[in-house]
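Chain and residue survey
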Amino acid sequence: MKNVLIIGSTGQIGTELTLELRKRYQGNVVAGYIPGAEPKGELLETGPAEIVDITSGSQIAEVVSTYKIDTIYNLAALLSAVAEAKPQLAWKVGMDGLFNVLEVARQYKCAVFTPSSIGVFGNNTPKDKTPQDTIRNPRTMYGVTKVGGELLSDYYYIRFGVDTRSVRFPGLISYIAPPGGGTTDYAVDIYYSAIRGTRFVCPIAAGTFMDMMYMPDALHAAIQLMEADPARLVHRNAFNVAAMSFDPEIIYENIRRYVPDFTMAYDVDPLRQSIADSWPNSLDDTCAREEWDWRPAYDLDMMTQDMLSKLRARI
Ligand code: SER
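Computed from a predicted model, the values in this text were never measured in an experiment. (Residues numbered from 1 in each chain as written. Predicted model: local features only at pLDDT ≥ 70, side-chain atom pairs only at ≥ 80, totals over all residues. Heavy atoms only, no water.)

Observations concerning the overall build of the protein chain
Each helix and strand in the protein chain was counted, giving 12 helices and 14 strands. Taken against the 2.2 N^0.38 rule, which gives 20 Å for 315 residues, the C-alpha radius of gyration of the protein chain at 19 Å falls within 12% of a compact globule. Summarising its shape, the C-alpha atoms of the protein chain cover approximately 55 × 45 × 35 Å along the three principal directions. Taken across its 315 residues, the protein chain has 56% of its residues classed as buried. (Helix = DSSP H or I, 4+ residues; strand = E, 2+ residues; numbered from the N terminus. Rg over C-alpha atoms; globule rule 2.2 N^0.38 Å. Buried < 20%, exposed > 50% of the residue type's maximum accessible area, 1.4 Å probe, protein only.)

This is the structure in structure tokens:
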């Protein structure tokens, strides 16, 4: 029996993670949402849903107490490009919001998962096979809140014993909920263009490598880490996890194997490009592999085949 609250359940990760958790756990898996982003369809029909605005500690506490929540998945966030447009709001959600979650978790003895990101790294970080423990000096508000979130989560574990755990997600690719305003979004949008038969205009320059992951692996990472034996965890906030690394040309050529007449042009967005340039080309995820047996299932080609067939059926 496990009672789980997902904050941000209707977002890119939450939409799928909530359903996956409901398949696995018998207890309450509560879909937390904010007005204007109400759960619909299967998400609404398969379990309880409550308004949980991360900026309100009392709202979080009320739902945690009512449903006897023992684990919180805190997925509320503004992605990197949006956070540059709204840095104050990004701080309010990413830092003040996380503080609210951790305080409730301390009082009600909940475990907490908060995604971190490749966005914690910056221009001084080693770019290739970026190590687990290295320089984190982002120059984006997204990255600042993610580094701050890692440190604050570790603090709550060390100081108060709150069971906080996290992974540094790369760009996440899925065919269900679209991402909103990230730097890695192009790797999702490109599949929609391929299926719709339109030319893809890529906002990221050729030769820009970033780590990416297919959503089933990301869900698996979050759940597997939260279920891992704590005695084995040397690290907590947050683990490097990796599945694949590519640039726009590589994903384009891979899609063309299955959609031969697909075309792509470039119109580089300076903001997204500068963020992408500051992020690693690839991460070293040895610690996650050793401490909780992390292994991704999908490589680029498997992901492309699955994305194209699932999107073809949906569109
Ligand atoms: N996908 C995120 C972004 O591009 C990175 O964690 O903002």
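Notes on the sheet that holds strand β4 (residues 71-74)
Strand order in the open sheet made by the six strands is β3-β2-β1-β4-β5-β7, with parallel pairing throughout. Edge positions in the sheet fall to β3 (49-51) and β7 (164-165), since each of these pairs with one other strand and no more. Relative to strand β5 (residues 111-113), β4 is paired through three bridges, and the arrangement is parallel. What sits directly across from Thr71, in β5, is Ala111. Across the sheet, helix α1 (residues 14-24) lies against β1 (4-7), β2 (29-33) and β4, angled at about 165 degrees from β2, the strand it touches most. (Pairing = 2+ DSSP bridges. Contact = heavy atoms within 4.5 Å. Axes fitted to C-alpha atoms, helices over the stretch in contact; angles between N-to-C directions.)

What to know about the layout of surface pockets
If you roll a probe as big as a water molecule over the atoms, it shows you where there is empty space left. Its volume calculated, the largest pocket comes out at about 970 Å³. Broken down by secondary-structure element, the contributors of at least two residues to the lining of the largest pocket are α4 (80-85), α5 (87-108), β6 (116-117), α6 (141-160) and β9 (171-173). Its residues placed into classes, the lining of the largest pocket shows 26 nonpolar, 15 polar and four charged. Counted as a void, the second largest pocket has a volume near 280 Å³. Lining the second largest pocket are 18 residues; nearest its centre among them are Glu16, Glu20, Lys23, Tyr175 and Leu219. (1 Å grid on protein atoms, 1.4 Å probe; cavity = no way out; pocket = protein on both sides within 12 Å on 5 of 7 lines; lining within 4 Å. Points joined across faces, edges and corners; volume = space filled by probe spheres on them. Nonpolar A, V, L, I, M, F, W, Y, C, P; charged D, E, K, R; others polar.)

Focus: unusual backbone geometry
The phi torsion of most residues other than glycine is negative, and most of the peptide bonds are trans. In this model, Asn237 is joined to Ala238 through a cis peptide bond whose omega is 5 degrees. Secondary-structure assignment places Ala238 in the loop between α8 (215-227) and β12 (239-240). The backbone of Lys109 shows a phi angle near 55 degrees, a positive value even though the residue is not glycine. Within the secondary structure, Lys109 is located in the loop between α5 and β5. Overall, the relative accessible area of 69% leaves Lys109 in the exposed class. We note that Lys129 has phi near 50 degrees; this positive angle belongs to a residue other than glycine. Within the secondary structure layout, Lys129 lies in the loop between β6 and α6. Exposure remark for Lys129: the relative accessible area of 55% places this residue in the exposed category.

Interpretation in functional terms is not warranted from these geometric data alone.
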